[in-house]
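# Coordinates in review
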Amino acid sequence: MHHDTDLINIIALGLALAFVLGAIANKLRLSPLVGYLIAGICVGPYTPGFVGDPELANQLSELGVMLLMFGVGLHFSLQDLLEVKAIAIPGALAQIAAATLLGWGLAWLMGWSPINGFVFGLALSVASTVVLLRAMEERRLLETKRGKIAVGWLIVEDLVTVVALVLLPALAEALHSSAGESTHFTGILATLGWTLAKVSLFVAVMLLVGRRVIPWTLERVAATGSREMFTLSVLAIALGVAFGSAKLFGVSFALGAFFAGTLLNESELSQKAANDSLPLRDAFAVLFFVSVGMLFDPHILIEHPFMVLATLLTIIVGKSVAAFFIVRAFGHPIGTALTISVSLAQIGEFSFILAGLGLALNMLPTTARDLILASALLSIIANPFLFIWLDRWLAKHKQADPAIEPPSELPPGPALETGGHAIIIGFGQVGCELARVLRDRGVPLVIIDDNEDNVARAHAAGIPGIRGSATSDKVLAEAHPETAKIAILVIPQPIEAGETLSKLRAMNPALTLLARADSDAEVKYLLRHGADGTVVAERELAYSLAEMVMATPPFRKPAKTADAAAGSEPLPATGIMTGGQATLDDLPGTTAETGNDTAPAASTTASESTEYAIETSTDTAAEYDAAITPLRREAFSRDDSDA
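Every chain's residues receive numbers from 1 upward, in the order its sequence appears when written. For this predicted model, a pLDDT threshold of at least 70 governs which residues receive local features, and a threshold of 80 or more governs which side-chain atom pairs are given and counted, while totals over whole chains, interfaces and linings are taken from all residues. Working from all heavy atoms in the structure, the side-chain values ignore hydrogens and water.

### Side note on the overall build of the protein
- Secondary structure elements follow DSSP: runs of H or I of four or more residues count as helices, runs of E of two or more count as strands, with numbering from the N terminus. Scanning the protein for helices and strands turns up 25 helices and ten strands.
- Buried positions account for 48% of the 643 residues belonging to the protein.
- Restricting the contact set of the protein to residue pairs at least 6 apart, pairs at least 24 apart contribute 74%.
- Carbon and sulfur atoms form 63% of the exposed surface of the protein, whose accessible area is close to 30200 Å². Accessibility here uses a 1.4 Å probe with only protein chains present; expressed as a share of the type maximum, an area under 20% marks a residue as buried, one over 50% as exposed, and anything in between as partly exposed. Contacts between residues were defined by any pair of non-hydrogen atoms, one from each residue, lying within 4.5 Å. The protein chains shown are the only cover counted for residues, whose accessible areas, like all others here, come from Shrake-Rupley with a 1.4 Å probe.

Below is the structure:
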């Protein structure tokens, strides 16, 4: 039987092609957005081969916009904005005004109407959050003054985009409905006023009702312990609020999704909500960029090359020059001004959203959309090269002129005492507990985590912390692995852990490397990439529970018999049963593959130190320790043979 599979075709082929081209772009050190957009061009109606359904692409694009705005709201940080409000708010508003004016002037030269020029200029004024954050993370600038200014600047641009998404439909309706010149301005004001009233009512309802109902709902769902239900509740809230806001209050889907994200951001479960919804948000974000690429007509590069060049120069030169003088006017060094300028010399996802809305409202010609898409592609491709130029220019000039660049900013938090320290990669629940245990035993530590809150928690505990991905050479170098004794990877992502292990092994071949695994396949993968030992979390939980069982009557063996079986003196009793006392020296050796060589590995498993609050007498604790030692050694031996 024949089935209509247009939706399946566009999702399957779009994602597959986006994956391939995104991976190629990433390999070339470009933003994956370039690959996603080119994938859309390949399946669009303006190129030969398979052609996706544009109507379905538009609906997928709308869903992608909702989830993108939900993510923006979920990560919206008023505190980050307030830290740099003195420059970020007026600076961003001035730069948006300057870029919009430049875009309007270019549109006027091309013979477009003033409203076309306004929307066109507004779309050119908004930088891509994805591109900017990636560039900042690669250069370890997010925690610096320059990075915080850039992030605050982005937040203001996001808020301006949200306001534009609300007001543009009202403005379009007023322009199209006003009949006479005398009622033209009055009609516009009336329509805008009514729209603002509906938005105000929506905001009031969300603050009074949603602020209580949404966190309460999440807490009740989380209490069920069902991850599936929690993920479903997050998506239902995001899309439900977006749909309800559009139907009940007449505001855009994007605004509703943004507010849903901001309200979830206030919940204690916001981090879990962000993590659980991230895969679906990422998938639809990719489909959004693919659908945008489908709308792009590459012929504009041939038919109107000078218009494309003028638009690109407006973005790369016009916006950058405006941002440079604005930052300098606030008294910041040349290096800071250049960094902000280069960061903003591109456009991306929000420009696409504004261009799509403008086209749907007949406020932009089709040519304008193609110019925006072409310039976005070219500016995103050019941005890494601009940063390379910036890095070289700063390195050349900062010594000659102190005003070029401020003194190098040290990473925030306690100072790291290098030499003989341990590196913990990942500071979630497991990493936090591991750090506490090691600190209590006098082990000097440094942690690496890409989550700002986790790093802040480490700093509050007096532990040196580095924010960033452990796969970055610069991030690893800050932890000084060449002088460390051991590195422990407790991140649950095996691919990232494997890449990190390989880099650490190359930096310090003598470094002991331990890693977390969730399956036997991950154990073998991590060992092949240089790990000396791994911990399988579920297996360790089973061993620890078995220890507790064997330490209680009637399974506890007599102390004399157990001591003989263990062949060693029991550890001093403390009144607290402590499981997982086996160390790498206690364990039988094994052989693990590391690249093309064969190297000895202490064990394929190691154990967390876990304290059980079971009150015991001294004799009982001694019996426990003597009885459990053979059990744990047997377990480790069994793991070695399996691996």
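After presenting the structure, the write-up continues.
### Regarding helix 2 (residues 32-42)
- Where burial is concerned, most of helix 2 is hidden: nine out of the eleven residues are buried.
- Buried within helix 2 are the following residues: Pro32, Leu33, Val34, Gly35, Tyr36, Leu37, Ala39, Gly40 and Ile41.

### Quick look at the packing of aromatic side chains
- Classification of ring pairs rests on two measures: the distance between centres of Phe, Tyr or Trp rings, Trp counted by its six-membered ring, which must be within 6.5 Å, and the angle between planes, read as stacked under 30 degrees, edge-to-face over 60 and tilted in between. Enumeration over the complete set of coordinates arrives at six aromatic pairs.
- Judged by centre distance (5.2 Å) and plane angle (85°), the ring pair of tryptophan 112 and phenylalanine 120 falls under edge-to-face.
- Plain terms: the ring middles of phenylalanine 324 and phenylalanine 325 are 5.5 Å apart, the flat faces sit at 85° to each other, and that makes the pair edge-to-face.
- The exposure class of phenylalanine 325 is exposed, given its relative accessible area of 54%.
- Of the aromatic side chains, those joined through ring pairs into one cluster are Tyr36, Phe288, Phe289 and Phe352.

### With respect to the pairing of strand 1 (residues 422-425)
- Of the two faces of strand 1, the one carrying Ala422 and Ile424 and the one carrying Ile423 and Ile425 are both buried.
- When DSSP finds at least two bridges between two strands, those strands are taken to pair. When strand 1 meets strand 2 (residues 445-449), the two strands line up parallel, connected through four bridges. In the strand pairing of strand 2, isoleucine 424 is matched with isoleucine 447.
- Taken together, strand 1, helix 18 (residues 429-440) and strand 2 constitute a β-α-β crossover, and its handedness is right-handed.
- As defined by bridge partners, strand 1 adjoins strand 4 (residues 486-489) across four bridges and the pair is classed as parallel. In the sheet register, alanine 422 faces strand 4, and the bridge partner there is isoleucine 486. The handedness rule is simple: strands pointing away from the viewer, and a clockwise path from the first strand over the helix to the second, make the crossover right-handed.

### Topic: the packing of helix 14 (residues 305-329) against helix 15 (residues 334-343)
- In this analysis, axes come from line fits to C-alpha atoms, helices being fitted only over the stretch in contact, and the angle between any two N-to-C directions falls in the range 0 to 180 degrees. At a minimum axis distance of 8 Å, the contact between helix 14 and helix 15 shows a crossing angle of 145°. Where helix 14 crosses over helix 15, the handedness of that crossing is right-handed. Here helix 14 contributes Ser320, Ala323, Phe324, Val327 and Arg328 to the contact with helix 15, which in turn contributes Ile334, Thr336, Ala337, Leu338, Ile340 and Ser341.
- Any residue that is not Ala, Val, Leu, Ile, Met, Phe, Trp, Tyr, Cys, Pro, Asp, Glu, Lys or Arg is counted as polar, Gly included; the first ten are nonpolar and the last four charged. Across the contact of helix 14 with helix 15, the residue classes break down as seven nonpolar, three polar and one charged. By convention the crossing between two helices is left-handed if the near helix lies anticlockwise of the far one by an angle smaller than a right angle, and right-handed if it lies clockwise.

### Here's the deal with helix 23 (residues 537-550)
- One less than the residue count of a helix, multiplied by 1.5 Å, gives the span that helix is expected to have. Spanning 14 residues, helix 23 covers 20 Å between terminal C-alpha atoms, matching the ideal 20 Å at 1.5 Å per step.
- What helix 23 keeps buried is the set Glu540, Tyr543, Ser544 and Glu547. Axial view of helix 23: buried residues confined to an arc of 95°, hence all on one face. Exposed side of helix 23, more than 90 degrees from the buried face: Glu538 and Leu541 are the residues found there. The arc in question is traced by the directions running from the helix axis to the C-beta atoms.

### Some remarks on the sheet that holds strand 4
- Taking strand neighbours across the sheet as the criterion, the six strands line up as 3-2-1-4-5-6 in an open arrangement whose pairing is parallel. The open sheet has two edge strands with one neighbour each: strand 3 (465-467) and strand 6 (533-536). Sheet twist, expressed as the average angle between the axes of neighbouring strands with direction ignored, equals 15°.
- Along the sheet, helix 18 makes contact with strand 1, strand 2, strand 4 and strand 5 (512-517), crossing strand 1 at roughly 165°.
- Relative to strand 6, helix 23 is tilted by about 70°, and along the sheet it contacts strand 5 and strand 6.

### So, the pattern of salt bridges
- Salt bridges are defined as contacts in which a side-chain nitrogen from Lys or Arg sits within 4 Å of a carboxyl oxygen from Asp or Glu. For the coordinates displayed, the defined rule picks out seven salt bridges.
- The shortest N-O distance in the salt bridge between glutamate 433 and arginine 436 comes to 2.4 Å. One end of the pair, glutamate 433, and the other, arginine 436, are both in helix 18, three residues apart, so they sit about a helical turn from each other.
- The partner of aspartate 532 in a salt bridge is arginine 505, and the shortest N-O contact between them spans 3.2 Å. One end of the pair, aspartate 532, is in the loop between helix 22 (520-528) and strand 6; the other, arginine 505, is in helix 21 (residues 494-507), with 27 residues separating them in the sequence.
- Note on aspartate 532: relative accessible area 17%, which makes it buried.
- Salt bridges sharing partners connect three or more residues here, namely Glu433, Arg436 and Asp440.

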